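# Report on the structure
Each chain, written out:
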Amino acid sequence: MSWSLISADDVAAQAWKNGGGQTRELLAWPHLSDWIVRISVAGIERDGPFSAFDGIERWFAVLQGEGVRLGDLDLRAGDGLHQFDGALAPACSLLGGLTRDFNLMHRRSRGQMQVTPAKQDLTPAAGHSHWVGLFSAEGGRLIHGGRAMALKPLSLAWCESPVAQLCQFEGTGAAWWMVWSESSSGA
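Conventions adopted
Each residue is numbered by its place in its chain's sequence as written, counting from 1. For a predicted model such as this one, the threshold for reporting local features is a pLDDT of at least 70, and the threshold for listing and counting side-chain atom pairs is 80 or more; totals across whole chains, interfaces and linings nevertheless cover every residue. The side-chain numbers reported here are obtained from all heavy atoms of the structure, hydrogens and water having been left aside. Whenever Lys or Arg places a side-chain nitrogen within 4 Å of a carboxyl oxygen from Asp or Glu, that contact is recorded as a salt bridge. For the exposure calls, accessible area comes from a 1.4 Å probe over protein chains only, and a residue counts as buried if that area is under 20% of its type's maximum, exposed if over 50%, partly exposed in between. For helices the rule is a DSSP run of H or I covering at least 4 residues; for strands it is a run of E covering at least 2, with both sets numbered from the N terminus onward. In what follows, a contact means two residues having at least one pair of non-hydrogen atoms within 4.5 Å.

To continue, consider the pattern of salt bridges. Scanning the entire structure with this criterion turns up 7 salt bridges. Note that D74 is salt-bridged to R69, the shortest N-O span being 2.6 Å. Of the residues examined, R69 reaches a relative accessible area of 36% and is grouped as partly exposed. Of the charged contacts, one joins R108 and D85 as a salt bridge, the two residues approaching to 3.6 Å between their closest N and O atoms. With R108 in the loop between β11 (99–107) and β12 (112–117) and D85 in strand β9 (residues 82–85), this residue pair connects regions lying 23 residues apart in the sequence. A single network of salt bridges, built from pairs that share partners, joins E57, D85 and R108.

Right under this line is the structure:
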């Protein structure tokens with residue numbers, strides 16, 4: 001199983017069209033122009049609505065900062081992932097200054113995404129899991145098949161067509177496994 005690795009520090013920040021923040025896109029898979037899975041680390045700088053994405057399921061987490069009010073829900077660092085329909089475009093207001101946030105988007109019509117905390121080990125289902133990712137907010141180590149890969153803070157490791165091989169994460173802070181499949185079989 002061959003893994004790719006990228007850190008938010010390796011990606012140039014891009015300003016949002018609405019001027020409310022910046023995004024560091026870690027991955028648009030399988031193609032930038034026709035993605036199924038899109039993962040980024042964003043910095044929210046001012047209040048405003050999220051962009052609407054019809055047909056997209058979203059996962060969002062505050063990684064650093066005081067937090068945000070997303071719709072009628074207050075989210076702070078350590079609260080875990082909040083999943084919502086991307087078409088809703090909820091209002092977002094800062095609870096006390098800039099935040100740094102994790103954002104995962106998935107096209108519902110193209111398959112199924114399963115997201116679980118990385119404190120649990122993962123063994124991808126051979127032949128059913130077509131893409132596997134691990135995001136770590138504070139860094140750590142990805143262990144797979146007796147090999148270890150170091151992860152810097154705000155890093156994403158991913159693998160296409162994974163084999164059924166035990167994957168483990170060693171580290172602290174927020175970290176999530178993401179498994180995409182064309183069917184509902186998942187991990």
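Next comes the rest of the account.
What follows covers the environment of F50. Counting through the fold element by element, F50 comes out in the loop between β5 (48–49) and β6 (56–64). A relative accessible area of 10% places F50 in the buried class. With 30 residues separating them in the primary sequence, F50 and G20 have C-alpha atoms 9.2 Å apart. Other than its neighbours up to four places away in sequence, F50 contacts I44, R58, F60, L70, F84, A89, P90 and C92.

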